[in-house]
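# A closer look at the structure
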Amino acid sequence: MSFPWAKQYEPKAPVMKWLDDRLPLPRLVYNAVGAGYPVPRNLNYFWNFGVLAGAALAIQIITGIVLAMHYSTDAATAFNSVEAIMRDVNAGWFLRYAHANGASMFFIVVYIHICRGLYYGSYKAPREMVWLLGVVIFLLMMATAFMGYVLPWGQMSFWGAQVITGFFSAIPLVGETIRIWLLGGYAPDAAALNRFFSLHYLLPFVIAGVIILHIWALHIPGSSNPAGVEVKGEQDTVPFHPYYTAKDGVGVGVFLLVFAIFLFFQPNLLGHPDNYIPANPLSTPAHIVPEWYFLPFYAILKSFTVDFILPAKLWGVLAMFGSILLLFFLPWLDTSPARTANHRPRYRAFLMVLLVDVLVLGYVGGAEPTKINVLIGQITTAYYFLHFLVILPIVSATERPKPVANSITEAVLKGKGGTAPAKSAIEGQPNPMPAE
Amino acid sequence: MTRIIAPLIGLGFAFVLVLGLFGTITTASEPATAEHEFHLKPKPVALASNGIFGKFDRQQLQRGFQVYKEVCAACHSISLVAFRDLAALGYSEAEVKAIANQWTTEQPSVNPETGEAATRKNLPSDKFPHVYPNEVAARAANNNAIPPDLSLMTKARPDGAAYVHSLLTGYQQPSAELMKEFPNFATPEGLYFNPYFPTLNLAMPQPLVSDGQVTYADGTNATVDQMAKDVTAFLVWTAEPKLEARHTAGLASVVFLIIFIALTIGAYKSVWRNVKH
């Protein structure tokens, strides 16, 4: 579905017409990410990050497939095969550093994408399904990244796998059995490494599939926008191509530049030195920490220190999974009629506190568990849950939002000191009838 | 339903955290340890390979290899590096062949006549051999400590290059402040004090003890600091032999991407020139 004024695909070359009559694939692409998809004209650069996440996934899949051609899935040879890629495979160092840093880039981009959604209320009706599918993608990404980090079979790989699969042993009665079943043994070993590799290869394609659903669900209501008002007519939109392909081009360029600086000049900054030590089940590292993108969740896990009805470990595991699963309920926890935080000053203040809170959680997750760090972790963890589950429902029900512009075009022209629109977004075209 | 259950869950988690908070406040802080107070961060070390324009100093790598060969190789292997890789240090094919042939530790092999385990001379295509046949042998020869493989050492420790240099030049007596604060501190028998080592005591005796321990072929004055720096440079190379290619490709990529961004900004402005947004 699309807006009635969306451009229709008209094949020009005979071969495209022939193809379109039999398999309308070009039409599908045209309507999805071409000129056939009308997009609000007022999107800012935060709306680049969906495309950037797609680009990051593509980079991961391409580099990953080539790496898999050289990688050896065996506990005895995995570590050395990664080093052989670094030393003896043509441009192997490039592939591996691109893949390792690419995972970090993927998470940076997705975190900004999620923050955009939180700030501008992208999860609200009628886009709940887009948000829900996004949370599914996020969970799949976390699973994929975790299993990928195990594959080089360094010290952090091994002990990270040990700790994370250990979560399942917190389940009462059957936990230990489930953990052993998942690992295929009593500790991470050849069996675990093999199945992690198999799933690490599979899940990115599942992610790609859910992304298709994510975009499909997005195209039903169309993209949200920073003005917080829905599209009213053709004057409010521009075709995705060339307008947003051009804007996304700038975003892709900047993204690749940041990526390149990490990849070529600081390729190990985001990793942990211990992962250059081969896995050794008999030697526990002084501090086991996950990759940076899991640190806030790791801090939540570590913050539960007392047994209260349930063991502390189980509280930690429940809270850690809960901290992500609660995102599924966000569209129904936030009842404010206003869409963006710009129109909700009180909510915006709490949202900014949440942003700082999560950054502090990230710091605590990677820091040594000194008394003061544990205290900070417990306070910030409490805020995280209170923000989503208590503050957000109350503030959204009680705060009276600031008035919203009548239309996207009005919001745009007001910003530029203009008046009501007489023309469609693209000058030179007659003003069409408002969509009904 | 969501709006009733959710706050209850949120308050529940918060309640358990507050309980934990009281627990945390009432527990006494861990007593300070000597490792925590007197472990030093490594001193920065200036190497030619540092920075985005960094390139290896081949003379220095050869000197570092000489230090490795004459001092470190007695206990430490570099098993991820092959003899053929030494060509990157500026050695000719014949020199690489000679180095491999004269290497003291031989490659494990099989006697072609009897099928029994044997050893043979190294070839350029071989990786550097392990010094000890297995872990037990390594422990037995080194007071129950395993000398780690050095191939990746400068990447396997935080700030690795600086750490290696600081450790090699950091052997000393425990400072007066340390002894004042921890009068019972003593380095156990068979260990050596070094404030750059995380636990302050390590099993490796000071390897670079005096100036001139190695006689450099290129006439450089072999002070302890010079030897430590050279072997550090060599270990940066063993850990990251493709560093120069990476830096070169990086500079080219950055220049390319800046031009690419300039073009996309131009395209963006051109496409959007008639649309207010």
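Residues numbered from 1 in each chain as written. Chains lettered and ligands numbered in written order. Predicted model: local features only at pLDDT ≥ 70, side-chain atom pairs only at ≥ 80, totals over all residues.

### Side note on the packing of helix H5 (residues 92-119) of chain A against helix H10 (residues 240-265) of chain A
Residue and element names in this part refer to chain A. Cut-off, in case you're wondering: Axis definition: a line fitted to C-alpha atoms, over the contacting stretch in the case of helices. Angles run 0 to 180 degrees between N-to-C directions. Comment: elements are numbered from the N terminus, with helices defined as DSSP H or I runs of at least four residues and strands as E runs of at least two. Angle categories: roughly parallel below 35 degrees, roughly antiparallel above 145, roughly perpendicular from 65 to 115, and oblique for all the rest. Two helices cross in a left-handed way if the nearer one is turned anticlockwise from the farther one by less than a right angle. They cross in a right-handed way if the turn is clockwise. Here, residues touch in the contact sense if the C-beta positions derived from the backbone fall within 7 Å of one another. Polar here means any residue outside two lists: the nonpolar Ala, Val, Leu, Ile, Met, Phe, Trp, Tyr, Cys and Pro, and the charged Asp, Glu, Lys and Arg; Gly therefore counts as polar.
H10 packs onto H5 with a crossing angle of 135° between their chain directions and a minimal axis gap of 10 Å. When the axes of H5 and H10 are compared, the pair comes out oblique. The two elements H5 and H10 meet at a crossing, and its hand is right-handed. Packed against H5, whose contacting residues are Tyr 97, Ala 98, Asn 101, Met 105 and Val 109, the element H10 presents Phe 255, Phe 259, Phe 262 and Leu 263 at the interface. Classifying every residue of the contact of H5 with H10 by side-chain character gives 8 nonpolar, 1 polar and no charged.

### As for the environment of A:Ser72
Residue and element names in this part refer to chain A. Tracing the backbone shows Ser 72 in the loop between helix H3 (49-70) and helix H4 (78-87). Taking the C-alpha atoms as reference, Ser 72 lies 55 Å from Val 412; in sequence the two are 340 residues apart. Here Ser 72 is in contact with Thr 77, Ala 78 and Ser 81, once residues within four sequence places are set aside.

### Structural notes on the UniProt feature "transmembrane region" (unreviewed entry) in chain B
So the rule is basically this: UniProt positions are given in the numbering used here, feature names are shortened, and annotations may be inferred rather than shown by experiment.
Here the UniProt-annotated "transmembrane region" (unreviewed entry) positions come out as residues 249-268 of chain B. Measuring from the first to the last C-alpha atom of residues 249-268 of chain B gives 28 Å, for a span that is 100% helix and 0% strand.

### Quick notes on the UniProt feature "binding site: heme b b562" (unreviewed entry) in chain A
Residue and element names in this part refer to chain A. The positions UniProt marks with the feature "binding site: heme b b562" (unreviewed entry) are His 99 and His 200. Look at the named residues: they lie 102 residues apart in sequence, but the longest C-alpha span between them is just 12.7 Å, so in the fold they bunch up. Checked against the element boundaries, His 99 lands in helix H5. Not counting chain neighbours up to four residues away, the residues in contact with His 99 comprise Gln 60, Thr 63, Gly 64 and Leu 67. Among the secondary structure elements, His 200 is positioned in helix H9 (residues 190-219). Setting aside residues up to four positions removed in sequence, His 200 forms contacts with Thr 144, Met 147, Gly 148 and Leu 151.

### Considering the UniProt feature "binding site: heme b b566" (unreviewed entry) in chain A
All names here are of chain A. The line we're drawing: Here exposure depends only on C-beta density: within 10 Å of a residue's C-beta, 20 or more other C-beta atoms make it buried, 12 or fewer make it exposed, and intermediate numbers make it partly exposed, the C-beta atoms being placed from the backbone.
If you check UniProt for "binding site: heme b b566" (unreviewed entry), the listed places come out as His 113 and His 214 in our numbering. Mapped onto the elements of the fold, His 113 is located in helix H5. What His 113 contacts, discounting residues up to four positions off in sequence, is Phe 49, Gly 50 and Ala 53. If you trace the backbone, His 214 turns up in helix H9. On the basis of neighbour counts, which here come to 22 C-beta atoms within 10 Å, the residue His 214 falls in the buried class.

### A word on the UniProt feature "binding site: heme c" (unreviewed entry) in chain B
Residue and element names in this part refer to chain B. Per the UniProt record, the feature "binding site: heme c" (unreviewed entry) sits at Cys 72, Cys 75, His 76 and Met 204. The largest pairwise C-alpha distance within this set of annotated residues, which runs over 133 residues, is 10.8 Å, so the set is compact in three dimensions. As for its placement among the helices and strands, Cys 72 is situated in the loop between helix H3 (58-70) and helix H4 (93-102). Sequence-distant contacts of Cys 72, that is, excluding residues within four places in its chain, are made with Val 67, Leu 150, Pro 207 and Val 231.

### Brief notes about the pairing of strand S2 (residues 117-120) of chain B
As a general feature of sheets, a regular strand has side chains that alternate between the two faces. All names here are of chain B. Threshold: Two strands are said to pair when DSSP picks up at least two bridges between them.
Where strand S1 (residues 107-110) lies against S2, 4 bridges are found, and the strand directions are antiparallel. What sits directly across from Gln 107, in S2, is Arg 120. Between S1 and S2, which pair antiparallel and follow one another directly, the connecting turn spans 6 residues, one of which, Gly 115, has a positive phi of 80°.

### Here's the deal with the domain arrangement of chain A
For clarity, the threshold we go by: Here the limits of each domain have been adopted from an automatic or database domain assignment.
Domain boundaries assigned for chain A yield domain 1 (1-36), domain 2 (41-288) and domain 3 (295-404). Put simply, the middle of domain 1 of chain A and the middle of domain 3 of chain A, counted by C-alpha atoms, are 44 Å apart.

### A closer look at the interface of chain B and chain A
With 47 residues of chain B at the contact, the number on the chain A side is 54 residues. At the level of secondary structure, the elements contributing two or more residues to the side of chain B that touches chain A comprise helix H1 (2-26) and helix H9 (243-271) of chain B. It is H1(B) that provides the largest number of residues to the side of chain B that touches chain A, a total of 16 residues. Across the side of chain B that touches chain A, the residue classes tally to 28 nonpolar, 13 polar and 6 charged.

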